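# Structural features, examined
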Amino acid sequence: MQPARNIQSYPDTARGGGQASSVRIPLSIALLSAGFAGMSLLPVTAQVAAPTPQATASSPDAIKQREQELEVTRAQQKSAAELQQKLRADIAAIGQDRSKLNQQLIDIAAQVRAVETRIGDAEARLRPLDSREQQIRSSLDSRRSEIVEVLAALQRAGRRTPPALLVRPEDALQSLRSAMLLGAVVPELRLRAEKLADDLGELVALRKTIATERDRLAADRDKLGNDQTRLAALVEERQRQQNAVEKDLETEGARAIALSRQVDSLQGLIAKMEQDLKSAAKAAATASLQGAPPVLNGKPDPGALKDPARLSPAVAFASAKGLFALPVNGTKIREFGGSDGAGGVEKGISLAARAGAQVTTPCDGWVVYAGPFRSYGQLLILNAGGGYHVLIAGMERISVSIGQFVLTGEPVATMGTTSQVASVLAATASQPVLYIEFRKDGTPIDPGPWWAANEGEKVRG
């Protein structure tokens, strides 16, 4: 097969009294030939035989590729070591300053969730692009014979130079016949080739767009990995400091799980914890003793929301409607008051999330339970004061302890890879689901009024 640049023009002596005129093949057709050559759409006989594995293994290119892979691995190891060293230095600089640690936790958790959002958006953009690319490829594959026919005709036209008309009569006749034949075929050939070129052009553009999106996605995933590493180190330091203050947290945790086996309902669990468990009872007592946070003109004090050293809610739960962010990035699959699929109604909302997604607190509150509970998987219960409780279930791992005060936007758990909540397991077994329930004086309430309408209104701590 001749290079595509040879497919340019040929004389058409069938026009205008035998005068030679040039019939131009569009540049897109020339690109078509080159493009299909790289798509493996031509017969095997037209392709260069692939080198044997032995030849590939010992080729300079293979050796160079292995060296590049080793260099990338060394760079990644160096980067990871530098990150760990920086984390240790940052944590040492924080020391016992609780407010600094809290602010770092909230900021990094917000960054993690922002990157998770970008990754989700990129994957959503890639899905239709990948689908369209597959459609075009399937279409081109189904027209393999047509492609071969068009390319062959174009190449014959491009590489066959007409003989001199006055050398031999036979040559003149052959030239005339060829020109007449091509004069009849070229218009149809051009239309077919241009249609193929359009498809190929769209495919090339799609592949560039997909490559750009995938590059961004890879960069975001790298950033997410680094942010998660940093967040894990900060969470570990937070819990280390918490353990230093509360010496018997491990014992309390084991006792809480034992007590949870004695009750059948969420309300019973809350009551049991706040009555029989020392750390949870202390948290509940503190919550009930706290006065209502100050308000300015009937609204939460914005200054109080910025204090990472606070030890009580900066915003009264009842007055925080329209301010809370959902605890995890995800898609709402069940609404409060809707059917629970078992003849009852939903007492909370359910969000389908990404595997390993970060879970943060929607509000300030005291942890009164953190651990497994019956069909809810890992369950976290916060006493938000004023008779309000926030229940979050379905996580794989909880990173806070009973009795601990947590701030709005603080990281408290991570999702697993599958649903942990039995009530939604059958419907959404392939991805993790977070269940959120608000309660007032023991009764489930609609959490809808508390969620922020947009990012700018969300409380971030």
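To start, this report covers the structure provided alongside it. Every value quoted in this text rests on a predicted model; they were computed, and no experiment measured them.

This next bit is on the pattern of salt bridges. Using the criterion set out here, one finds 18 salt bridges in the structure. Its salt-bridge partner being Asp-130, residue Arg-214 comes within 2.8 Å of it at the nearest N-O pair. On the criterion of sequence distance, the pair formed by Arg-214 in helix α6 (residues 169-245) and Asp-130 in helix α4 (residues 98-142) is long-range, its members being 84 residues apart. Look at Arg-214 and you get partly exposed, because its relative accessible area is 39%. With relative accessibility at 24%, the residue Asp-130 sits in the partly exposed group.

It is worth spelling out the packing of aromatic side chains at this point. Two aromatic rings are characterised by how far apart their centres lie and by the angle between their planes. By the definition in use, this model includes ten aromatic pairs. Arranged with centres 5.4 Å apart and planes meeting at 40°, the rings of Phe-317 and Trp-450 form a pair that is tilted. Of this pair, Phe-317 sits in the loop between α10 (302-305) and β3 (330-334) while Trp-450 is found in the segment after β13 (443-445), placing the two residues 133 residues apart along the sequence. Ring centres of Phe-373 and Tyr-376 lie 6.3 Å apart, and the angle between their planes is 20°; this geometry places the pair in the stacked category. Assessed through its relative accessible area of 2%, Phe-373 is described here as buried.

Turning our attention to the sheet that holds strand β11 (residues 411-414). Here we have three strands laid out as an open sheet, ordered β5-β11-β9, and antiparallel in their pairing. For this open sheet the edge positions go to β5 (358-360) and β9 (397-398), each flanked by a neighbour on one side alone. As defined by bridge partners, β9 adjoins β11 across two bridges and the pair is classed as antiparallel. From the neighbouring strand, Ile-398 faces β11, where its bridge partner is Ala-413.

Time to look at helix α8 (residues 266-276). Along α8, the residues that are buried comprise Leu-266, Leu-269, Ile-270 and Met-273. An end-on view of α8 places all buried positions within 100° of arc, on one side of the element. For α8, the secondary structure elements touched by its buried residues are α7 (249-260), α9 (278-289), β6 (365-372), β7 (378-385), β8 (388-395) and β12 (433-440).

Turning our attention to the side chain of Arg-310. With respect to the secondary-structure elements, Arg-310 resides in the loop between α10 and β3. What makes Arg-310 buried here is its relative accessible area of 6%. At 2.7 Å, the side chain of Arg-310 forms a polar contact with the backbone oxygen of Asp-307. Here the side chain of Arg-310 touches Asp-364 through a polar contact of 2.7 Å, side chain to side chain.

Parameters and conventions
- Residues numbered from 1 in each chain as written.
- Predicted model: local features only at pLDDT ≥ 70, side-chain atom pairs only at ≥ 80, totals over all residues.
- Heavy atoms only, no water.
- Salt bridge = Lys/Arg side-chain N within 4 Å of Asp/Glu carboxyl O.
- Helix = DSSP H or I, 4+ residues; strand = E, 2+ residues; numbered from the N terminus.
- Buried < 20%, exposed > 50% of the residue type's maximum accessible area, 1.4 Å probe, protein only.
- Phe/Tyr/Trp six-rings, centres within 6.5 Å; stacked < 30°, edge-to-face > 60°.
- Pairing = 2+ DSSP bridges.
- Arc of directions from axis to C-beta.
- Contact = heavy atoms within 4.5 Å.
- Polar contact = N/O pair within 3.5 Å; in protein donor to acceptor, adjacent residues only side chain to side chain.

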